[in-house]
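Each chain is listed here by its residues.
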Amino acid sequence: MNVVEFKKPDSENKVVEFVGFGVSISGKQIFEGVSFPVYKNCITAIMGPSGSGKTTLLRSINRLLDEFCDVKYSGKLLFEGRDVINDGVDKTILRARIGMVFQRPNPFPGSIFDNVVYGLRLHGVRDKKLLEEVCIESLKKVGLYREVKNRLHRPAYDLSGGQQQRLCIARSLAVNPHVVLLDEPTSSLDPTSSAVIEELLTHLKKECTIIIVTHNLQQAGRISDYVAFLYPNEDLVSHLIEFGQTREVFFNPKESLTESYIAGKSG
């Protein structure tokens, strides 16, 4: 079900592509010259040490940075063939097509039901039957419906941390996004809840493209299809060191810095 239309041109299998992309915040260059593609129905992990600009890069994709920072972009950032930096893209539509899940679960005040259908209501959907159908479908996708089906109108804050994070993923899925961005989505969860989220993501990539920031190299190795490795230079400006299929990057890296990082000798 398409709730918000975003015109999709004919293109290759690249959903997102960075082309010589850079970001500076309040005059400080965070990274520059970043170029790599994000492929449809794959999980791409962005990895690197703290301060390498991973979250900044992630939040550039749906232009969320614009709301909080004095930000300047360089290069191109293509979403479905369209430059979202320079082509005057409607940010509201962009963020409906590119969902976001944060490091810590952030359910909104209100019920489980209200959380899931928040985006639909924001875009003018008022049909109660449709809202109920989408709520149930989205909760089923994240394996949460059976756990909460008898308390959909109870506060979302009543859920456990792992359940809240799955609720946030369900909320992003309800508006039928093409891409879901996840910023360290399991860092605040226990190992059991983290494993549930990881398994969920491997299933969800069948219907949307996933980009995840993670400090956890084991997690990146377990669930991602591709990895992008960022690392800062002596001036603390990050660059893309290596991009490729996860297995190749982890077991046959092209760059010595990548090999050192994966081995735990740097960063």
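Look above for the structure.
The structure presented is a predicted model; accordingly, all values stated were derived computationally and were not measured.

Chemist: Would you explain the packing of aromatic side chains in this entry?
Modeler: What characterises a pair of aromatic rings is the spacing of the ring centres plus the angle enclosed by the ring planes. According to the stated counting rule, one finds ten aromatic pairs in the structure shown. Judged by centre distance (5.9 Å) and plane angle (55 degrees), the ring pair of Phe229 and Tyr231 falls under tilted. Members of the aromatic cluster, connected to one another through ring pairs, are Phe18, Phe21, Phe31, Phe36, Tyr39, Tyr73, Tyr226 and Phe243. If you follow Arg171 out to its NZ or CZ, it ends over the ring of Phe108, 3.8 Å from the centre.

Chemist: Honestly, the side chain of Thr56 in this entry has me stumped. Any pointers?
Modeler: Inspection of the secondary structure puts Thr56 in helix α1 (residues 54–61). Thr56 gets classed as buried once you look at its relative accessible area, which sits at 15%. With near-sequence residues (within four places) excluded, Thr56 lies in contact with Val23, Ile25, Ile30, Phe31 and Leu65.

Chemist: I would appreciate a short explanation of helix α8 (residues 191–204) in the present structure.
Modeler: Given 3.6 residues per turn, any residue in an α-helix points the same way as the ones three and four places further on. Taking 1.5 Å as the rise per residue, α8 with 14 residues should run 20 Å; its terminal C-alpha atoms sit 20 Å apart, in good agreement. Here α8 has its buried residues at Ser193, Ser194, Ile197, Glu198, Leu200, Leu201 and Leu204. Summarising the axial view, the buried residues of α8 lie within an arc of 160 degrees, below the 170-degree limit, and thus occupy one face. Exposed residues lying more than 90 degrees from the buried face of α8 are Pro191 and Thr192.

Chemist: How should the environment of His178 be read in this particular structure?
Modeler: For His178, the position within the fold is in the loop between α7 (161–173) and β7 (179–183). Taking the C-alpha atoms as reference, His178 lies 16 Å from Val89; in sequence the two are 89 residues apart. Polar contacts involving the side chain of His178 include one to the side chain of Glu80, which spans 2.4 Å.

Chemist: Whenever I open this one, the pattern of salt bridges confuses me. Can you help?
Modeler: Counting across every chain of the model gives twelve salt bridges. Between Glu147 and Arg166 there is a salt bridge whose closest N-O contact spans 3.1 Å. You can see Glu147 sitting in helix α6 (residues 145–148) and its partner Arg166 sitting in helix α7, a full 19 residues away along the chain. A salt bridge links Arg222 to Glu198; its shortest N-O distance comes to 2.7 Å. Here Arg222, found in helix α9 (residues 217–223), pairs with Glu198, found in helix α8; they are 24 residues apart in sequence, far enough to count as distant.

Chemist: Looking at this structure, how should I read unusual backbone geometry?
Modeler: Note on backbone geometry: most residues besides glycine have negative phi, and most peptide bonds are trans. Phi at Ser26 is positive, roughly 50 degrees, even though this residue is not glycine. Summarising the element assignment, Ser26 is placed in the loop between β1 (14–25) and β2 (28–39). Phi angles above zero are rare outside glycine, and Glu80 is one such case at about 50 degrees. The residue Glu80 is located in the loop between β4 (71–79) and β5 (82–83) in this model. Relative accessible area serves as the criterion here: at 5%, Glu80 is assigned to the buried category.

Chemist: I keep staring at the nonpolar core and nothing clicks. Help me out?
Modeler: Nonpolar side chains tend to gather and get buried jointly when the protein is soluble and globular. Ile112, Leu139, Leu167, Ile169, Leu182 and Leu201 are the most contacted members of the largest nonpolar core, which has 47 residues in total. With five residues, α7 is the single largest residue contributor to this core. Ignoring sequence-local partners within four residues, the contact set of Ile112 consists of Leu139, Val148, Arg151, Leu152, Arg154, Pro155, Ala156, Leu159 and Leu167. Judged by nonpolar contacts, the second largest core, of 32 residues, contains Val16, Val38, Tyr73 and Ile98.

Chemist: In this structure, what is going on with the packing of α7 against α8? I would like to understand it.
Modeler: Two quantities define a packed helix pair, namely the angle between the helix axes and the distance between the axes. Across the interface, α7 lies against α8 with an axial gap of 9 Å and an inter-helix angle of 20 degrees. In this view, α7 runs roughly parallel relative to α8, as classed from their interaxial angle. α8 is crossed by α7, and the crossing has right-handed handedness. When α7 is examined against α8, the residues Gly162, Gln165, Arg166, Ile169 and Leu173 are found in contact with a partner set consisting of Ser193, Val196, Ile197, Leu200 and Leu204.

Chemist: I'm lost on the side chain of Lys54 in this one. Help?
Modeler: Examined against the element boundaries, Lys54 turns out to sit in helix α1. No salt bridge is formed by the buried Lys54, whose closest oppositely charged neighbour, Glu184, lies at an N-O distance of 5.5 Å. Only 3.1 Å separates the side chain of Lys54 from the backbone oxygen of Pro49, close enough to count as a polar contact. When neighbours within four sequence positions are excluded, Lys54 is seen to be in contact with Ile46, Met47, Gly48, Pro49, Val213, Thr214, His215 and Leu230.

Calculation criteria
- Residues numbered from 1 in each chain as written.
- Predicted model: local features only at pLDDT ≥ 70, side-chain atom pairs only at ≥ 80, totals over all residues.
- Heavy atoms only, no water.
- Phe/Tyr/Trp six-rings, centres within 6.5 Å; stacked < 30°, edge-to-face > 60°.
- Lys NZ or Arg CZ within 6 Å of the ring centre and 35° of its normal.
- Helix = DSSP H or I, 4+ residues; strand = E, 2+ residues; numbered from the N terminus.
- Buried < 20%, exposed > 50% of the residue type's maximum accessible area, 1.4 Å probe, protein only.
- Contact = heavy atoms within 4.5 Å.
- Expected span 1.5 Å × (residues − 1).
- Arc of directions from axis to C-beta.
- Polar contact = N/O pair within 3.5 Å; in protein donor to acceptor, adjacent residues only side chain to side chain.
- Salt bridge = Lys/Arg side-chain N within 4 Å of Asp/Glu carboxyl O.
- Core = buried A, V, L, I, M, F, W, Y, C linked by side-chain atoms within 4.5 Å.
- Axes fitted to C-alpha atoms, helices over the stretch in contact; angles between N-to-C directions.
- Parallel < 35°, antiparallel > 145°, perpendicular 65-115°, else oblique.
- Left-handed = near helix turned anticlockwise from the far one by under 90°.
- Lys, Arg positive; Asp, Glu negative; His and termini not counted.

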